[in-house]
Protein chains: 4
Amino acid sequence: MRKICVVVASRANYGRVKYVLKAIEAHPDLELQLVVSASVLLDRYGRAIRVIEQDGFKPLRKVYYVVEGENLEAQAKSTGLGIIELSGVFEDLKPDVVITVADRYETMATAIAASYLNIPLAHIQGGEITGNIDELVRHAITKLSHYHFPATEESKQRLLKMGEEPWRVVNSGCPAMDTLCHQNLDITPEFLAQIPEFVGHEFDFTKPYILVLQHPVTTTPEEGRRQIEETLYALVDRPEQKLVMWPNIDAGSDMVSRGIRVFRDKHQDCNYAYHKNFSPEIYNCVLNNAVCCVGNSSSFIREASFLGTPTVVVGDRQEGREHGHNVTFCDYDRNQIAQCVEKQIAHGRYEKQEIFGTGRAGEIIADYLANVELSIHKRMTY
Amino acid sequence: MRKICVVVASRANYGRVKYVLKAIEAHPDLELQLVVSASVLLDRYGRAIRVIEQDGFKPLRKVYYVVEGENLEAQAKSTGLGIIELSGVFEDLKPDVVITVADRYETMATAIAASYLNIPLAHIQGGEITGNIDELVRHAITKLSHYHFPATEESKQRLLKMGEEPWRVVNSGCPAMDTLCHQNLDITPEFLAQIPEFVGHEFDFTKPYILVLQHPVTTTPEEGRRQIEETLYALVDRPEQKLVMWPNIDAGSDMVSRGIRVFRDKHQDCNYAYHKNFSPEIYNCVLNNAVCCVGNSSSFIREASFLGTPTVVVGDRQEGREHGHNVTFCDYDRNQIAQCVEKQIAHGRYEKQEIFGTGRAGEIIADYLANVELSIHKRMTY
Amino acid sequence: MRKICVVVASRANYGRVKYVLKAIEAHPDLELQLVVSASVLLDRYGRAIRVIEQDGFKPLRKVYYVVEGENLEAQAKSTGLGIIELSGVFEDLKPDVVITVADRYETMATAIAASYLNIPLAHIQGGEITGNIDELVRHAITKLSHYHFPATEESKQRLLKMGEEPWRVVNSGCPAMDTLCHQNLDITPEFLAQIPEFVGHEFDFTKPYILVLQHPVTTTPEEGRRQIEETLYALVDRPEQKLVMWPNIDAGSDMVSRGIRVFRDKHQDCNYAYHKNFSPEIYNCVLNNAVCCVGNSSSFIREASFLGTPTVVVGDRQEGREHGHNVTFCDYDRNQIAQCVEKQIAHGRYEKQEIFGTGRAGEIIADYLANVELSIHKRMTY
Amino acid sequence: MRKICVVVASRANYGRVKYVLKAIEAHPDLELQLVVSASVLLDRYGRAIRVIEQDGFKPLRKVYYVVEGENLEAQAKSTGLGIIELSGVFEDLKPDVVITVADRYETMATAIAASYLNIPLAHIQGGEITGNIDELVRHAITKLSHYHFPATEESKQRLLKMGEEPWRVVNSGCPAMDTLCHQNLDITPEFLAQIPEFVGHEFDFTKPYILVLQHPVTTTPEEGRRQIEETLYALVDRPEQKLVMWPNIDAGSDMVSRGIRVFRDKHQDCNYAYHKNFSPEIYNCVLNNAVCCVGNSSSFIREASFLGTPTVVVGDRQEGREHGHNVTFCDYDRNQIAQCVEKQIAHGRYEKQEIFGTGRAGEIIADYLANVELSIHKRMTY
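Note that the structure is predicted; figures quoted are calculated from it, not measured.

Scoring rules and cut-offs
- Residues numbered from 1 in each chain as written.
- Chains lettered and ligands numbered in written order.
- Predicted model: local features only at pLDDT ≥ 70, side-chain atom pairs only at ≥ 80, totals over all residues.
- Heavy atoms only, no water.
- Contact = heavy atoms within 4.5 Å.
- Buried area = accessible area lost by both parts, 1.4 Å probe.
- Salt bridge = Lys/Arg side-chain N within 4 Å of Asp/Glu carboxyl O.
- Polar contact = N/O pair within 3.5 Å; in protein donor to acceptor, adjacent residues only side chain to side chain.
- Helix = DSSP H or I, 4+ residues; strand = E, 2+ residues; numbered from the N terminus.
- Buried < 20%, exposed > 50% of the residue type's maximum accessible area, 1.4 Å probe, protein only.
- Pairing = 2+ DSSP bridges.
- Least-squares fit on C-alpha atoms with pLDDT ≥ 70 in both.
- Core = buried A, V, L, I, M, F, W, Y, C linked by side-chain atoms within 4.5 Å.
- Axes fitted to C-alpha atoms, helices over the stretch in contact; angles between N-to-C directions.
- Phe/Tyr/Trp six-rings, centres within 6.5 Å; stacked < 30°, edge-to-face > 60°.
- Lys NZ or Arg CZ within 6 Å of the ring centre and 35° of its normal.
- pLDDT = per-residue confidence, 0-100.
- Parallel < 35°, antiparallel > 145°, perpendicular 65-115°, else oblique.
- Left-handed = near helix turned anticlockwise from the far one by under 90°.
- Nonpolar A, V, L, I, M, F, W, Y, C, P; charged D, E, K, R; others polar.

Caption draft 1: Region of interest: the interface of chain B and chain A. Taken residue by residue, the interface counts 42 residues in chain B and 42 residues in chain A. Of the roughly 3900 Å² buried between chain B and chain A, counting both surfaces, carbon and sulfur atoms make up 69%. The three residues of chain B that bury the most area against chain A are Tyr116(B), Leu136(B) and Tyr382(B), which together make up 19% of that side's buried surface. In this structure, the connection of chain B to chain A is made through 0 salt bridges. Summed over the shared surface of chain B and chain A, the number is 10 residue pairs in polar contact (both at pLDDT 80 or more). Of all the secondary-structure elements, those providing two or more residues to the side of chain B that touches chain A are α3 (72-93), α4 (105-116), α5 (133-144) and α6 (153-161) of chain B. With 13 residues, the top contributor of residues to the side of chain B that touches chain A is α3(B).

Listed below in structure tokens is the structure:
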């Protein structure tokens, strides 16, 4: 039995790897060691740990290492503290492979702790191009990783160009697509029964709504408030309901949150509702049934292309990212945003695309890890 | 005035960047912010801080972050603590550029603290191929760095293949060569006057000697004692004097040190002498005048090729590394080592080569950093 | 010039030592080194740093070390990280004396960093009896401290009984009283102009209001929500306006906040208003003009006795504490609370008492520190 | 079954609590959770973990947290890192009681982690008077502790005067005396067979020898070298063999070690031998059979009074400490030391005294912890 340790460090992480966790648990030759950490444990970020435990997973360790501050210094210190904590955890759990997901700063803590301890490291979603510190982190993690599960063919090719050995690279597709294939994506009574009570405006999922999810951009954290305000004001005159979600924990998060709070207090009579956190399944349903998505969540690039939801991506957080025909890009400018939203809603739903996988990523990853040669002696191909 | 912060984290680091520090100090448009840290401050590793201060440099900060343990877990924790400490230091000093050197685990602490704080990061000695965790760390740091100063043309080409933008990559040569060009390399009375008192055997630099410097290998730290013993015993019957230097601080360092101590206690009558640390200049002189070098120090690859000193590289720590014709590789095997040493001493000195630079790296780096556009928005070229 | 370093770690800390800071700055033989840290820097806790800077103070260092989690483990880890950070800060600033205030967990970080570095440590508000982990921390800090500024005669006597040398103990009174003596405590147009905009209900300071401020109790952090609910519901039928303040950062803070948020969402039409943070002066004014205070803030014990504001202290957070005749104690029970409030409002304002000082603490402390012999060789008196 | 977690942080700690560990393991109602940490794990300090495991104990966790530097800053940072690490360990192990021993800086890490997590804390060897930072730390730990096991009646009385509740204080005697009662204290062939090989001079335990053990003093760490040199030179002309042990890990340790190393290199022909570490039993035997002990080890105060070994205590590290008639105090002055040694050797062995216990401390502590009410709500008695 190979012990596969997965470190889940944010609600987005979990949404993405849920079916990888299930596939590892289900595999006869693998044992899952689930570690939850960072914002997964924090009330302010919706305590995704509750959803994880409701889904039947039993985390072996809960690791607190977020240094509060929501500036870049605190983010760096969190990474440092994460390394200190996780190296102790890995030393204790002695996994055969550690899996890390994507590119946030906490991901680096997992990558360094594992690779410095000579534990083979597997990386999900490497090789993508975005356009901020996340991209540097993502490629640096690639260089520390021994196995790679890119989400697209283009990403796989990029990893090979970067000198990774071909046998260590498998295009598994994005495991977030797995979730989309395993659930009912319609607005059903069951769905409605699961929706947690709303804070703020009354909201009716059976009527048209626009979904807003906009994170801070770590290269310009101080701009967060202005950035979100452009988006919020762009939609003021739209007849559809607006469902605004709170941002993630990155540097600048406070600025975005403040922008939302001030807007909310000033516009209590408008048809805006606000929500902190959904389980991945509920979120997918919400995403699927929106008439349009606005913001910079990477789910608008990935899941939305698989679902065909019209999307307006604002700003440069997803710049240069591989994407489907459902996406329009625009600047932080309320007029431009309003026009793009107008056009996307007029167009209506797009045809589904499988750029980011077919929904079998979990199985592919589990099978590979059950059979691959475990070797930390990686060589560049040039 | 651009503020250039250099973090020196080991005696080897300092030996390498001394003339970069001098060139930055001398440049009219640059201000040097010197931070010394980790083993530079520790008695056990020769407190290189003394040499640094004798050379006239004034460190702005002394940062302690080595978690003792000399195993991989302690090394990971040191990196975490280093990030915590250095992010505070950078926040205080507000440099325009941070320079990090080479590939040891502490180097990663500098790289993460700087890049997470959106401070442009320059990396000296990227792009090289070696063959252990250092290599992964080196390439990961490349991916976090905004400017690159590889030491050879081959390394430069590798960085370009990895997708770095050409204008961000300059083959400066290795700054360690600068030192070789600025000093007298002969055994002079001045040299002899500076030699600190020896612990152990009497030693005469004007007579033939073999230099031994062998570090632990981080992928097999528990092998350190056996590895050094093969080398020490291989030389027992050689008529030349042996000068053995203590290893660096890597995981496994204790094992190597113990190997040396036990050997020393058993062979007090042999012509072996032991030394902890020399200033870079004295070390270069020692290296230049050895009849042969044995071990795995990277100085045997770099400086020795510039100087033409015959060298026997033991084990896989330098495996795959670009090198001159002065180097012979062999296994951890006393017979094999003895044969290689025999052959190298018979051959005598080699012709000098400039693979690792011409001795102007400091100036090249300082000029580039004084003039380059400061931008953290790096793009991959594919 | 003696350098006196004061570490301010919470908004309450600042409210308490503001006039100590002023007295040190004003003293010809002292130089103030202000360090701000922990929740003072955090948006969620009202970023008291803004108030500090508006008051004209220039912090030399801003130190982030709160590990998020709001449970006991995170609190312990914050203390650990605080020691790591502050020992570096003290090493840099080289103060002659470090001042720490009161008894929160962060205070211990200051105390350990200073005393372990052999820097004389002065402690404000030692010797008091309360009744939870704070009390253990307070007495432990006494044992690490070299100079003591208790706020009452009773506390001074307790410090002497604990074996502290008499010349090291001065009853300065509580410096929070200094603020009360230096400001206008009435509801004036100037006061009203400074009140930040309210989130929530409209509020009129010229009409009667009850002030609610209730912190989590660290020995029963999980009870926080129920505890605050008893208080909030106890006041539902009172005709006066209610002004509810958010709790501090202690373990359990999240539970209390959630209790407030849920209550707020359910009772939007009631006359409750909510506020995060006031400057000390505005807070004192708010406290002075309340018809009654309800909760467990230590300001209800101290400042309120000096001001004569009727107070109902709920639960055991202030148990056993020395207090004036303006205080009634009761359990976490909405009926009991309601009855106590009824009685206190019927009684009306109390006569002022000077149990906690006469308002000259800042000067007394500054004079003492300017003249006292600096010695870390403390002896117990038995 | 109550789970009793003991954190052993130094070789001295272990020597002291070995029979407490045995008594807990043997008790039908208690379960031992052994955690080893800090210098116990480090090669430089003799890796006492080997002895612990040879004695049959199985540590549940090995915690690395010594930040290297051997100055006060590094010592403070180690404490901070220790708190971070140990709070995670306690959260995992969920002990009913944590035991901490004595007064070194690491002890504080255990005390804070446990008490901040609301875990009842028991302290062995509180209430003693010494005379440096250790004393402040010891009394501060008393104030954080819920149960106290002082080693003498005088210490017990001091704890009561400090306000500790009488039912929480038990004079158990020092558990180091237990070891003395359970072993053969003579120089036997079995003893000689267990002596590890010596580094340095040949040594004959059956002939007269003087034992030297002198630690750095944390209030004057920079004096360490001069202090040890006075002692070493004081003994140069004595006819007896000298057995010099290396100092512990405190700030200044490097200075003392350097003093010893330089002395050793200069006086290779003298009858001095050097040793790093003995198991507690072997050490006791060595102590018992010395003609005189010289230095500042607390074992010279405790064990030596029980054994009756003549002792010369140098400097102020043990100043004011309760002691037997076997002890003479003197300054760091080679002439004075030489005279005291002369007198003590002339006097010969002293009668045994039971000031520090009768050898039943382990059982007394285990019984108490098995039966005492577990309560963290401690009250001062005044």
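The structure having been displayed, the exposition proceeds.
Caption draft 2: Layout of the pairing of strand β12 (residues 311-314) of chain B. Residues and elements named next belong to chain B. Neither face of β12 is exposed, since Thr-311 and Val-313 on one face and Val-312 and Val-314 on the opposite face are all buried. In this sheet, β12 lies alongside strand β11 (residues 292-295) in parallel orientation, the contact comprising 3 bridges. Looking at the pairing, Gly-295 lines up with Val-313 of β12.

Caption draft 3: The relation of the copies chain B and chain A, seen in detail. Overlaying chain B on chain A yields an RMSD of 0.1 Å, the required transformation being a rotation through 180° with an accompanying axial translation of 0.0 Å. Taken together, the turn and the small shift mark the pair as related by a two-fold rotation axis. Interface residue correspondence from chain B to chain A reaches 100%, placing this contact among same-surface, isologous pairings.

Caption draft 4: Looking closely at the environment of Asn13(D). Position of Asn13(D) among the secondary structure elements: in helix α1 (residues 11-26). Not counting residues up to four positions away in its chain, the partners in contact with Asn13(D) are Val7(D), Val8(D) and Val101(D).

Caption draft 5: Inspection of the nonpolar core at higher detail. Core analysis: the biggest nonpolar cluster contains 305 residues, and Phe90(A), Phe90(B), Phe90(C) and Phe90(D) have the highest contact counts within it. Ignoring sequence-local partners within four residues, the contact set of Phe90(B) consists of Cys5(B), Val7(B), Pro95(B), Val98(B), Thr110(B), Ala113(B), Ala114(B), Leu117(B) and Ile119(B).

Caption draft 6: Structural detail: the sheet that holds strand β1 (residues 2-8) of chain A. Residue and element names in this part refer to chain A. Spatial strand order, β3-β2-β1-β4-β5-β6: 6 strands in an open sheet with parallel pairing. Of all strands in the sheet, those with a lone pairing partner are β3 (61-63) and β6 (147-149), marking the two edges. For this sheet, the mean angle separating the axes of adjacent strands, direction not counted, is 25°. Where strand β4 (residues 97-101) meets strand β5 (residues 121-124), 4 bridges bridge the pair, whose relative direction is parallel. Looking at β5, one finds that Val-98 is bridged to Leu-121. Lying over the sheet, helix α4 (residues 105-116) contacts β1, β4 and β5, oriented at roughly 160° with respect to β4.

Caption draft 7: Quick look at the interface of chain D and chain A. Taken together, the contact pairs 5 residues of chain D with 5 residues of chain A. In this assembly, chain D packs against chain A so that about 390 Å² is buried in total across both faces, 46% of it on carbon and sulfur atoms. Scanning the region where chain D abuts chain A turns up 2 salt bridges. Taken together, chain D and chain A are joined by 2 residue pairs in polar contact (both at pLDDT 80 or more). Broken down by element, the residue count for the side of chain D that touches chain A peaks at 4 residues, all from helix α3 (residues 72-93) of chain D.

Caption draft 8: View of the pairing of strand β8 (residues 209-213) of chain B. Residues and elements named next belong to chain B. The buried fraction of β8 amounts to 5 of the 5 residues, a majority that puts the element mostly inside the structure. Both faces of β8 are covered, namely the face carrying Tyr-209, Leu-211 and Leu-213 and the face carrying Ile-210 and Val-212. Sheet topology places β8 next to β11; 4 bridges connect them, and they run parallel. By the bridge assignment for β11, Ile-210 is matched with Cys-292.

Caption draft 9: Representation of helix α11 (residues 280-289) of chain B within the structure. Of all 10 residues making up α11(B), 9 are buried, and the element is well covered by its neighbours. All of the buried residues in α11(B) are Pro280(B), Glu281(B), Ile282(B), Tyr283(B), Asn284(B), Cys285(B), Val286(B), Leu287(B) and Asn288(B).

Caption draft 10: The packing of aromatic side chains, seen in detail. In total, this model carries 40 aromatic pairs over all chains according to the counting rule given. Considering the side-chain rings of Phe149(A) and Tyr368(A), the 5.4 Å spacing of their centres and the 90° angle between planes classify their relative orientation as edge-to-face. In this pair, Phe149(A) is assigned in strand β6 and Tyr368(A) in helix α14 (residues 361-371), connecting sequence segments 219 residues apart. By the burial criterion, Phe149(A) is buried, and Tyr368(A) matches it. Judged by centre distance (5.2 Å) and plane angle (85°), the ring pair of Phe191(B) and Phe205(B) falls under edge-to-face. Of this pair, Phe191(B) sits in helix α8 (residues 189-194) while Phe205(B) sits in the loop between β7 (199-200) and β8, and the two are 14 residues apart along the sequence. Like Phe205(B), Phe191(B) is buried. Directly above the aromatic system of Tyr274(C) lies the positively charged group of Arg264(C), at a separation of 6.0 Å from the ring centroid.

Caption draft 11: How the structure looks around the confidence of the model for chain A. Averaged over all residues, the pLDDT of chain A is 92; the fraction at 70 or higher stands at 98%. As a predicted assembly, this complex carries a pTM of 0.87 together with an ipTM value of 0.87.

Caption draft 12: Structural view of unusual backbone geometry. At Gln125(B), a position not held by glycine, the phi torsion is positive, near 75°. With respect to the secondary-structure elements, Gln125(B) resides in the loop between β5 (121-124) and α5. Even without glycine at this site, Lys94(D) takes up a positive phi of about 45°. Locating Lys94(D) in the fold gives a position in the loop between α3 and β4 (97-101).

Caption draft 13: Seen up close, the pattern of salt bridges. What the rule picks out here adds up to 95 salt bridges over all chains. Put simply, Asp103(C), Glu128(C), Arg138(C), Arg302(C) and Arg321(C) are held in one network by salt bridges that share partners.

Caption draft 14: Structural view of the sheet that holds strand β2 (residues 30-37) of chain C. Residues and elements named next belong to chain C. Pairing is parallel across the open sheet formed by 6 strands, whose spatial order is β3-β2-β1-β4-β5-β6. Only two strands of the sheet have a single neighbouring strand rather than two, namely β3 (61-63) and β6 (147-149). When the angles between neighbouring strand axes are averaged without regard to direction, this sheet yields 25°. In this structure, strand β5 (residues 121-124) lies alongside β6, joined through 3 bridges in parallel fashion. Note on β6: the bridge partner recorded for Ala-122 is Tyr-147.

Caption draft 15: Structural detail: the packing of α4(A) against helix α5 (residues 133-144) of chain A. All names here are of chain A. Across the interface, α4 lies against α5 with an axial gap of 10 Å and an inter-helix angle of 15°. Taken together, the axes of α4 and α5 lie roughly parallel to each other. The chirality of how α4 crosses α5 is left-handed. Along its contact with α4, which presents Thr-107, Met-108, Ala-111, Ile-112 and Ser-115, the element α5 presents Val-137, Ala-140, Ile-141 and Leu-144. Class assignment of the residues belonging to the contact of α4 with α5 gives a composition of 7 nonpolar, 2 polar and no charged.

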